Amino acid sequence: AQPTDEKRIILVADATAGGQRELWGEQGNPAWLNDVANVRTFLGKTSLEYEQLLELIDLEFINPAHDIAINHLDGSCDLDKKELTTLDPPKLDRMQRFLRLWRKLGGWQLWELDLVLRAPAIGNGSLDEPFLVRLYYFARLRSRLGTKVTVSQLCALFDDLSTETHFAGAHTKRIEGFYQSVFLNRRVAQPIDPAFEVAAVDVPAPTVEKISGH
């Protein structure tokens, strides 16, 4: 058998049912989509923990329409009684390509890869060869600046400061975006100037407010 060309699998989309059935190890199974959608089966195939699955389907690259959810077939904690809704070959393709790359980065959070992948000046939403090249230089720059530099901080050198919040765990307050940590941090400024609230700044350009006025 030929060795698996994982780089090609990551960088070249294959949204066909036949391609995804093979990649998910479901050759010859006519009910493969329903089987893969079973949460226990999905976790087994991806080696994710349940909380990581919740984080995965929270990502904009993975779930841009916010239609992938976990349907609880009963009130138990039995993973066999939970299923992922609206799965189809294109969604499974994004998932497996994203997870393969994430595992090669080592130490990155799922949301960090999602942030870089969607940053207009880095990935612009395309998991392809040009993004991989830019990701390589992004990682080199992070290494040069030191381990204390976060992915969010480095993204701010290329694009607007992110105001997106991120999944931090079930029943846990979401992680605030880098913008909030800088301009809405009560440990830094008291009181918070309402001109810096996300709703006031996350608006189409041009804006009229200037930092010098605050």
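These figures come from a predicted structure and were not determined experimentally.

### Observations concerning the nonpolar core
Point 1. Formed by 46 residues in total, the largest nonpolar core has its most connected members in F42, L56 and F98.
Point 2. Counting only elements with at least two residues in this core, the list comes to α1 (6–11), α3 (32–37), α4 (39–46), α5 (50–56), α6 (89–105), α7 (110–118), α8 (129–145) and α9 (151–155).
Point 3. Excluding its chain neighbours within four sequence positions, the residues that come into contact with F42 are W24, V36, L48, L53, L56, L84, L92 and M95.

### A closer look at the pattern of salt bridges
Point 1. If you walk through the whole model with that rule in mind, you get twelve salt bridges.
Point 2. We note a salt bridge from R174 to D58, for which the minimum N-O separation is 3.0 Å. On the criterion of sequence distance, the pair formed by R174 in the loop between α9 and α10 (178–183) and D58 in the loop between α5 and β1 (70–72) is long-range, its members being 116 residues apart.
Point 3. A relative accessible area of 26% places D58 in the partly exposed class.
Point 4. By sharing partners, the salt bridges in this structure join E6, R100 and K104 into a single network.

Cut-offs used in this document
Here the residue numbering is sequential within each chain, running from 1 through the sequence in written order. The predicted nature of this model means local features are confined to residues of pLDDT at least 70 and side-chain atom pairs, given and counted, to a pLDDT of 80 or more, with totals for whole chains, interfaces and linings taken over all residues. For the side-chain quantities, the full set of heavy atoms in the structure was used; hydrogens and water were omitted. What makes a nonpolar core is a set of buried Ala, Val, Leu, Ile, Met, Phe, Trp, Tyr and Cys residues whose side-chain atoms join them at distances within 4.5 Å. When a residue's accessible area, from a 1.4 Å probe over protein chains only, is under 20% of the maximum for its type it is buried; when over 50% it is exposed; and in between it is partly exposed. Where helices and strands are cited, they refer to DSSP runs of H or I of at least four residues and of E of at least two residues respectively, numbered from the N terminus. Contact between two residues is taken to exist if any of their heavy atoms lie within 4.5 Å; hydrogens are not considered. Any carboxyl oxygen of Asp or Glu within 4 Å of a side-chain nitrogen of Lys or Arg constitutes a salt bridge here.

Everything listed is a geometric property; what it means functionally is a separate question.
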